Amino acid sequence: MSLRLYRVGLGQDGGPSRKVHVMSETDVQAGDAAAPLMTAGEAILSIEEIEDDGSVVVDAPPARSQAAELAPVTPEAAAVQNP
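Residues numbered from 1 in each chain as written. Predicted model: local features only at pLDDT ≥ 70, side-chain atom pairs only at ≥ 80, totals over all residues. Heavy atoms only, no water.

Novice: Give a description of the overall build of the protein chain that names residues and reports values.
Specialist: When helices and strands are tallied, the protein chain shows two helices and three strands. Counting helices and strands in the order they occur from the N terminus, the protein chain gives β-β-α-β-α. Considering the protein chain as a whole, with its 83 residues, one finds that 24% of them fall into the buried category. At a minimum sequence separation of 6, the contacts of the protein chain that also span at least 24 residues come to 56%. (Helix = DSSP H or I, 4+ residues; strand = E, 2+ residues; numbered from the N terminus. Buried < 20%, exposed > 50% of the residue type's maximum accessible area, 1.4 Å probe, protein only. Contact = heavy atoms within 4.5 Å.)

Novice: How would you explain the environment of Ser55 if you had to name every residue and give the values?
Specialist: You can see Ser55 is positioned in the loop between β3 (43–50) and α2 (66–70). Among the residues examined, Ser55 registers a relative accessible area of 55% and is labelled exposed. Only 2.6 Å separates the side chain of Ser55 from the side chain of Asp53, close enough to count as a polar contact. (Polar contact = N/O pair within 3.5 Å; in protein donor to acceptor, adjacent residues only side chain to side chain.)

Novice: Tell me about the sheet that holds β3, and please be specific about residues and values.
Specialist: One open sheet accounts for three strands, arranged β2-β1-β3; its pairing is antiparallel. In this open sheet, the two edge strands, each paired with only one partner strand, are β2 (17–24) and β3. Across the sheet, the mean angle from the axis of one strand to that of its neighbour is 25°, orientation sign disregarded. Each of β1 (4–11), β2 and β3 is contacted by helix α1 (residues 27–34), which is oriented at about 120° to β2, the strand it contacts most. (Pairing = 2+ DSSP bridges. Axes fitted to C-alpha atoms, helices over the stretch in contact; angles between N-to-C directions.)

Novice: Quick rundown of α1? Include the residues and the values.
Specialist: For α1, every residue scored as buried is listed here: Gln29, Ala30, Gly31, Ala33 and Ala34. Contact partners of the buried residues in α1: β1, β2 and β3.

Novice: Any chance you could break down the nonpolar core for me, citing the residues and the numbers?
Specialist: When a protein is soluble and globular, its nonpolar side chains tend to lie buried together. With nine residues, the main nonpolar core is built from Tyr6, Val8, Leu10, Val20, Val22, Ala30, Ala33, Ala34 and Ala60. Residue assignment for this core shows that the elements contributing at least two residues are β1, β2 and α1. Each residue touching Ala30, except ones within four places of it in the same chain, is listed here: Tyr6, Val8, Val22, Ser24 and Ile47. (Core = buried A, V, L, I, M, F, W, Y, C linked by side-chain atoms within 4.5 Å.)

Novice: Kindly report on the environment of Arg4, identifying the contributing residues and their values.
Specialist: By secondary structure assignment, the location of Arg4 is in strand β1. With relative accessibility at 28%, the residue Arg4 sits in the partly exposed group. A C-alpha to C-alpha distance of 9.1 Å links Arg4 and Ala30, two positions 26 residues apart in sequence. In this structure the side chain of Arg4 is engaged in a polar contact, spanning 3.5 Å, whose partner is the side chain of Glu49.

Novice: Before we move on, can you summarise the confidence of the model for the protein chain with the specific residues and values?
Specialist: With 77% of its residues at a pLDDT of 70 or more, the protein chain shows a mean pLDDT of 86. Across the protein chain, the secondary-structure element scoring lowest on mean pLDDT is α2, at 66, and the one scoring highest is β1, at 97. (pLDDT = per-residue confidence, 0-100.)

Dropping the structure here:
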């Protein structure tokens, strides 16, 4: 899969909100990528894929996939060579 651009709405329901931009393969991973940008009391209010015209500044790096996170603790990981 390729990375796509997402606009994620963060804030408090009925309160102040803001938008951040992240690159991700899926909308679920877009939420994961935006999570470190959240402050106390904020929640994800919306996730919307938008067209990447090259003018949007991304606010956070893509989230790591579950496979990438688990690779160091799986038995097969010992055979994988790290670059």
